[in-house]
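One letter stands for each residue in the lines below.
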Amino acid sequence: MKKLKFCAAALAAAMTFAAAVIPAEKPLLTMTASAEEDANGFVIKTDADGDRYITGYNGSGGDITIPSDVVWIGKKAFSGNTDITSVTIPKTCWYWVDNNAFSYCSNLKSVKFEGDIDGMGGYAFYGCTSLETVTFGGNVGREDGDGGIGCYAFAGCPYLKTVKFSDKNAKLDLVGEYAFMNCIRLSSINMPADTGTLYTGAFLNCASLSNITVPGPTVFDGDHIMGYMYGRATADGKSEYFKADGVTSFYPAKLAGLEKAEKKVTQKELNMTLTIGSYAERYAANNSISYSYTGESIPQKLPAPENVKGEADTNRIVLTWDNVDGAVGYRVYKYDPVTGKYISYKSVKSAKCTVTELESGTEYSFRVTALDVSGGKYVPGKASASVSVKTK
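In this report, the structure presented in the accompanying data block is examined. (Residues numbered from 1 in each chain as written. Predicted model: local features only at pLDDT ≥ 70, side-chain atom pairs only at ≥ 80, totals over all residues. Heavy atoms only, no water.)

**Observations concerning the packing of aromatic side chains**
Then step 1. Counted by the stated rule, this structure contains 22 aromatic pairs.
Then step 2. Centre to centre, the rings of tyrosine 95 and tryptophan 96 are 6.5 Å apart; their planes meet at 50°, and the pair counts as tilted.
Then step 3. Look at tyrosine 104 and tyrosine 126: their rings are 5.5 Å apart centre to centre, the planes differ by 80°, and that puts the pair in the edge-to-face class. With a gap of 22 residues between them, tyrosine 104 in the loop between β7 (96-97) and β8 (110-113) and tyrosine 126 in the loop between β9 (119-120) and β10 (133-136) connect regions that are remote in the sequence.
Then step 4. An aromatic cluster of at least three residues, connected via ring pairs, comprises Phe42, Tyr57, Phe78, Phe102, Phe125, Phe154, Phe180 and Phe203.
Then step 5. Its end group placed over the ring of tyrosine 279, arginine 282 keeps NZ or CZ at 5.1 Å from the ring centre. (Phe/Tyr/Trp six-rings, centres within 6.5 Å; stacked < 30°, edge-to-face > 60°. Helix = DSSP H or I, 4+ residues; strand = E, 2+ residues; numbered from the N terminus. Lys NZ or Arg CZ within 6 Å of the ring centre and 35° of its normal.)

If you want it as C-alpha cells, here you go:
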C-alpha cells in the first residue's frame, strides 16, 4: 500500500485552525475494475491490491451494515447523506475509513466498529450533527503504529456523548489534531490501555468532559489537548484559548458552523486521572489542570549497563557486562552501517549475549540496555556506551 498522509487539508481553510499533517498509511486509489452497485445500493470498486472498497451509496438509508466483502471505505463515500441513521462496520472491513467518508451525514446517530480497524483519515465523521455514540470493538491501529483516529475525524459532532472501547486492552495508535473538537456533549471516553499519542486540540471545546482517565504510556504531543476551550468568550468578545473553569463561556458555532450547536457554551472544569511520572501528569501540572492518580507509576529508566566487553572468534562475538539492579533482562543493539543506527539484535535474560553469523576480520559495534516491565511490556533503560569488537 502506498504511504500517503493522514489528514486532508480540504476543509482546513474554513476552520480557525490550520490542520497539521500526521502520517499514516491509507489505501492506494488506483482502481483495477470499474464500479458496480450491489442490491443494497453500495457502489463498490476494487483497488490495485485486489481489495474491494466503497466509493458511493445510493441505498435507502436507515440502519446500514457495510458489506462483508468490503475491506475499506473510500473518500466521501457517504458524505452529505441525510438518510443514514446508523452504520455497522463489520470485522471484515478492517483497513481504513478514508477522508470525509461520512462527513455531514446529518441524521447519523450511531457508529459501531465490530472488530479491528487500522484507522480513519481526516474529517471521516466531521459535522455529523446527530451522532450520539461511537463504539470500537477492537484495535484502532496498526502493528507499525501508523494508524488511529485522524485529525478532525469527529470534530463538529455536538450531540456525540459516548465513545466506547469494548476491549479495555485494545490498541489505539493516536488521536489526531482536533479529532473531537466541538463535541460539546462528549462526557465519556474510555481510552484503552494501549493508547499512543494525543495531538494538539484532540479534545478542545469538549464542554461536558469533566473527568478522563489517561493510560500511563500515553504521550501528549502539542498544546490545548484537553481542558481548554477556544472561541469568543463573554468576558471580552475576543476569540482565543480559555481554560475550562466551569464559568467562562464560548461560542462553538463561530468555529465550525454547527447547525445544532448552542450559541453559548460553558465548559466544565476538567479532572484527569493519571499515572505517576506520565506525560499526562506533566501536561496537567504544566496547565494547572486538577488531577488524581490511578495508583500505578511509570518505572524510572534503569541505568546503563557498565563494563560492556566482547570476546571475538572468527564468526561470532560473545558480549558480557555488569548486572543492573532491578533488570528483568537486557537488550543488545547492533550498529547498522547502512542506516547509521543501532538496531535491536536480541533480548536476553542474563548479562551475556552471543552474536553469531558474522564475517571474519570485520569490526562490529554494540550497545546494551537493561529492561524493566510496565503494563506487560518491556521498557528499555539507558543505553550503554558503544563497544567495538573485531572478529578474528
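Moving on, there is more to tell.
**A word on the nonpolar core**
Then step 1. Grouped together as the largest cluster of nonpolar side chains are 72 residues, with contacts concentrated most on Phe78, Val97, Phe125, Phe154, Phe180 and Met272.
Then step 2. Apart from the residues lying within four places of it in its own chain, the contact partners of phenylalanine 154 are Met120, Phe125, Leu131, Val134, Phe136, Ile149, Leu160, Ala179, Phe180 and Cys183.
Then step 3. By size, the runner-up hydrophobic cluster in this structure holds 19 residues, among which are Trp321, Val324, Phe366 and Val387. (Core = buried A, V, L, I, M, F, W, Y, C linked by side-chain atoms within 4.5 Å. Buried < 20%, exposed > 50% of the residue type's maximum accessible area, 1.4 Å probe, protein only. Contact = heavy atoms within 4.5 Å.)

**Looking at the layout of surface pockets**
Then step 1. The calculated volume of the second largest pocket comes to roughly 170 Å³.
Then step 2. Considering the residues around the second largest pocket, the lining is formed by Ile189, Asn190, Met191, Ala193, Thr213, Val214, Pro215, Gly216, Thr275, Thr294 and Glu296.
Then step 3. The class makeup of the residues in the lining of the second largest pocket is five nonpolar, five polar and one charged. (1 Å grid on protein atoms, 1.4 Å probe; cavity = no way out; pocket = protein on both sides within 12 Å on 5 of 7 lines; lining within 4 Å. Points joined across faces, edges and corners; volume = space filled by probe spheres on them. Nonpolar A, V, L, I, M, F, W, Y, C, P; charged D, E, K, R; others polar.)

**Structural notes on the environment of serine 188**
Then step 1. When you line up the elements, serine 188 lands in strand β14 (residues 188-189).
Then step 2. You can call serine 188 partly exposed: its relative accessible area is 33%.
Then step 3. C-alpha of serine 188 to C-alpha of lysine 164: the two residues are 24 residues apart in sequence and 7.7 Å apart in space.
Then step 4. Here serine 188 is in contact with Lys161, Thr162, Val163 and Leu209, once residues within four sequence places are set aside.

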